[in-house]
Amino acid sequence: IRHANPAIDEQKPAHEWPLSDLGRERCRLMAEHLRPYGLTRIVSSEEAKAAETGQIAAEILGIPFETALGLHEHVRPRANWMGREQFEAQVADLFNRPHELVMGSETADETYFRFSSAVQAAIERYPRQTLAIATHGTVMTLYISRLAGIDPVPFWKSIGMPAFTVVDL
């Protein structure tokens, strides 16, 4: 699950942003779209917007919710506020040069391996459950694009807030 719309505060780093009112409403709507999949638990990034997204969905679905290490977004703690066009160009560069440190403090490869290890740990912790992972757009894209063998840039640009992708491992 990609988190819902955050309350953007240009004075704070993105990992501190909570959900906006619109984001909370969209979480409630998304939860109903998740119901047919028979989820039994939601495991989330510890970042506020993803955790809130996961918690709202879990409450509506009546299933357990928890946060876990390693499910956070690509690490870019010093990223200054930039326009959408510049941000999209930097993220595309991150996807297209996965072995290089082009943005933030971890490469795309490092981000992928951290995230995929955290997903695997959740699967191993709950082996007979149908899990949802509440996370972030860039890291979700790295995981899904490699798993499905698709171009990450168009996928990343196509996912809304919130959004979900169903994966059968």
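Above this note sits the structure.
Residues numbered from 1 in each chain as written. Predicted model: local features only at pLDDT ≥ 70, side-chain atom pairs only at ≥ 80, totals over all residues. Heavy atoms only, no water.

Caption draft 1: Highlighting the sheet that holds strand S2 (residues 65–67). The strand order S2-S1-S3 describes an open sheet built from three strands, whose pairing is parallel. With one partner strand each, in any of the chains shown, S2 and strand S3 (131–134) form the two edges of the open sheet. Put simply, the sheet's adjacent strands are angled 25 degrees from each other on average, direction ignored. Bridging between strand S1 (residues 41–44) and S2 involves three bridges; their strand directions are parallel. Each bridged residue has a counterpart across the sheet, and for valine 43 the counterpart in S2 is glutamate 66. Across the sheet, helix H4 (residues 108–125) touches S2 and S3, and the angle it forms with S3 is around 150 degrees. (Pairing = 2+ DSSP bridges. Helix = DSSP H or I, 4+ residues; strand = E, 2+ residues; numbered from the N terminus. Axes fitted to C-alpha atoms, helices over the stretch in contact; angles between N-to-C directions. Contact = heavy atoms within 4.5 Å.)

Caption draft 2: Quick peek at the packing of helix H1 (residues 21–34) against helix H2 (residues 48–61). Interhelical geometry of H1 versus H2 gives an angle of 50 degrees and a closest axis separation of 9 Å. By the criterion of interaxial angle, the relationship of H1 to H2 is oblique. H2 is crossed by H1, and the crossing has right-handed handedness. Of the residues in H2, those touching H1 at Arg24, Cys27, Arg28, Met30, Ala31, Glu32 and Leu34 are Glu52, Thr53, Ile56, Ala57, Ile60 and Leu61. Residues that form the contact of H1 with H2 fall into these classes: eight nonpolar, one polar and four charged. (Parallel < 35°, antiparallel > 145°, perpendicular 65-115°, else oblique. Left-handed = near helix turned anticlockwise from the far one by under 90°. Nonpolar A, V, L, I, M, F, W, Y, C, P; charged D, E, K, R; others polar.)

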